[in-house]
Each structure stands twice: as C-alpha cells, then as structure tokens.
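These are the residues of each chain, in order.
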Amino acid sequence: MSYELIVKNNPNLKIYKVTDKEFIPYGKVLNNLSIDEIIEVANKIPMPAEGSMYVPELEEFMKTKAAKEMQEDCYGEMPTQVGYCYGSSNKLNAVEWHKDSEINIATTPLVLILGKVQDIVDNKVDSSTFKIFYLEKGDAVEVYATTLHFCPCQVLKSGFGCVVGLPKGTNIPLQNEHEDKVLFRKNKWILAHVENEGLIGRGVLPGVTGENYEIRGE
C-alpha cells in the first residue's frame, strides 16, 4: 500500500513520512544501514496466526552485516540484540520507551505512532501530543530514547513486519521487584491506553488518555 492510499484511507489523521521534517524530534532515517541481507532473512518469518509476536533476538539476524553495523555504529560497540515484531495490530493501544534508541527496519509497509517522554506528567500522557509516521518496506530508522512508541500498525491485510535492534537484554523479564510500576521488563517502561483492558489486566499501568488512534489499511 502506498503512502498516498494510507493517507486517503485515514482522512481524519495527519500521517507523515519518516523523511518529513516532522520526524526529526523523534528519530532519524538510517540511509547507510545494509538492509538487503536482513530483509531477505526477515521475509522467511511467518506471520502469527493472530495478534503480534515479539522476539528479542534471532540468531540468523545476528549473523548479518546490518547487525554488526548496529552494534558498531548505532550503539558504539555495546552488546546488541536484533529481533523482530511481526503480526496484526491497527491501534495505538499503549506506549513504551527505553533508556536508549531503538532501531526499526520495516520489512513491510507499516505505521508508527510516536510521542515524547517529556509529555508524560504523573504517569499520564494525552495522545493528542503524538504524531503518526508511515514507513515504506525497507525504511530503516533510529527511534530515540526520548520517543514513546509501541507495536507498529499494519497497513496490509497480511499484517506488519519490523526488525528491531536494541541493547542486549532489553525486553526480557525483570529479576527483582521495583517501586517503579511503569517498569515492565528490563529496560522497558510502558503505559497502556486506558481502553486497553488486556494490557491493564497484565499489570500495565493505564496512563495514555485521548484517542486510541486506529489506522485503516487495505
């Protein structure tokens, strides 16, 4: 699906491209990342039967040139994991953030709904402060640590695919109890939209108010 068609299907929403200047506060496009090999591997990953699936690290990805570039250039030689998020989702539903950037490579066209950590007050943030961005298949971006994000939204009936690079250990279960109730996994803070009963039922703090944006794709 083209950018023009996703804009046409969502006349109530302002949707930008990641190449637009509006993306600059949220991240940057990684034009020099070697993505062909990693997308070839990613194309072999099956879509989940329902919902979405996140895998922190995939061995086949770690053997690619792109994985080495992420570790060397994006994370300054820090240990890195490269995994994926695949599946079906068309709503904002929540926001999460890390203490570092996240690398996203779109293996299908998809949409990211992004906000800013600075807009969180007392564990509350209104979705009216967010912006919506379209990624073509093959777009690679760095999403800054100060950027609120969550599961990509699909624009194809078949679902969305996104390669995800992060510092090693991110998004795995915590080992200890913490007073910070927004800390949900290692290096992962999360707030659910107040309408998302599923996440709230899993112990995620409801903190996102306003419209739970829905993306209309194919």
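Residues numbered from 1 in each chain as written. Predicted model: local features only at pLDDT ≥ 70, side-chain atom pairs only at ≥ 80, totals over all residues. Heavy atoms only, no water.

Trainee: Can you lay out the overall build of the chain for me, pointing to particular residues and giving the numbers?
Mentor: Along the chain, the regular secondary structure elements total five helices and 16 strands. In summary, the chain has a C-alpha radius of gyration of 16 Å against a globular reference of 17 Å for 218 residues, a match within 12%. With the C-alpha coordinates of the chain rotated into their principal frame, the extents come out at 45 × 40 × 35 Å. Within the chain, the fraction of its 218 residues that count as buried is 51%. Sequence-distant contacts, at least 24 apart, represent 77% of the contacts inside the chain between residues at least 6 apart. Total accessible area on the chain stands at roughly 10,700 Å², and carbon and sulfur atoms take up 48% of it. (Helix = DSSP H or I, 4+ residues; strand = E, 2+ residues; numbered from the N terminus. Rg over C-alpha atoms; globule rule 2.2 N^0.38 Å. Buried < 20%, exposed > 50% of the residue type's maximum accessible area, 1.4 Å probe, protein only. Contact = heavy atoms within 4.5 Å. Areas by Shrake-Rupley, 256 points an atom, 1.4 Å probe, with all protein chains shown as cover.)

Trainee: Could you give an account of the packing of aromatic side chains, with specific residues and numbers?
Mentor: By the definition in use, this model includes six aromatic pairs. Both rings, one in Y84 and one in Y86, keep their centres 5.2 Å apart while their planes meet at 80°; by these two values the pair is edge-to-face. Taken individually, Y84 and Y86 each receive the classification buried, so the pair is uniform in this respect. Through pairs of rings, three or more aromatic residues link up here, namely Y16, F23, Y26 and F133. Above the ring of W189, the side-chain terminus of K99 is found at 4.6 Å from the ring centroid. (Phe/Tyr/Trp six-rings, centres within 6.5 Å; stacked < 30°, edge-to-face > 60°. Lys NZ or Arg CZ within 6 Å of the ring centre and 35° of its normal.)

Trainee: Could you give an account of the sheet that holds strand β13 (residues 160–167), naming the residues involved and the relevant values?
Mentor: In spatial order, the strands read β2-β10-β6-β13-β4-β3; together these six strands make up an open sheet with antiparallel pairing. The sheet terminates laterally at β2 (27–29) and β3 (52–55), the two strands that pair on one side only. Mean inter-strand twist for the sheet, computed between neighbouring axes without regard to direction, equals 20°. For strand β6 (residues 102–106) and strand β10 (residues 140–143), the ladder comprises four bridges, and the chain directions are antiparallel. For I103, the partnering residue across the bridge sits in β10 and is E142. (Pairing = 2+ DSSP bridges. Axes fitted to C-alpha atoms, helices over the stretch in contact; angles between N-to-C directions.)

Trainee: Explain unusual backbone geometry residue by residue, including any values.
Mentor: Look at N93: it is not a glycine, yet its phi comes out positive at around 70°. Mapped onto the fold, N93 is located in the loop between β4 (80–87) and β5 (94–97). Positive phi is not limited to glycine here, since D122 has a value of about 55°. Considering the arrangement of structural elements, one finds D122 in the loop between β7 (110–116) and β8 (125–126).

Trainee: Provide a residue-level description of the pairing of β4, including the pertinent values.
Mentor: Within β4, eight of the eight residues are buried, which leaves the element mostly enclosed by the surrounding structure. When β3 meets β4, the two strands line up antiparallel, connected through four bridges. Residue S52 lies in a different strand from β4, and its bridge partner there is G87.

Trainee: Which residues make up the environment of L205, and what values do they have?
Mentor: Summarising the element assignment, L205 is placed in the loop between α5 (197–201) and β16 (206–209). For L205 and N123, which are 82 residues apart along the polypeptide, the C-alpha to C-alpha distance reads 8.3 Å. Those residues in contact with L205, other than ones at most four positions away along the chain, are N123, V182, L191 and A192.

Trainee: Give a detailed account of the side chain of T108, specifying residues and quantitative values.
Mentor: Following the sequence through the fold, T108 ends up in the loop between β6 and β7. Note on T108: relative accessible area 12%, which makes it buried. For T108, the side chain forms a polar contact with the main-chain nitrogen of G161, separated by 2.9 Å. Leaving out residues up to four positions away in the same chain, T108 has contacts with M47, L135, E136, K137, L156, G159, F160 and G161. (Polar contact = N/O pair within 3.5 Å; in protein donor to acceptor, adjacent residues only side chain to side chain.)

Trainee: Would you mind going over the pairing of β5 in detail, with residue names and values included?
Mentor: Burial along β5 is two-sided: the face carrying A94 and E96 and the face carrying V95 and W97 are both buried. With four bridges joining them, β5 and strand β15 (residues 188–193) adopt antiparallel strand pairing. Following the sheet pairing, W97 is matched in β15 by W189.

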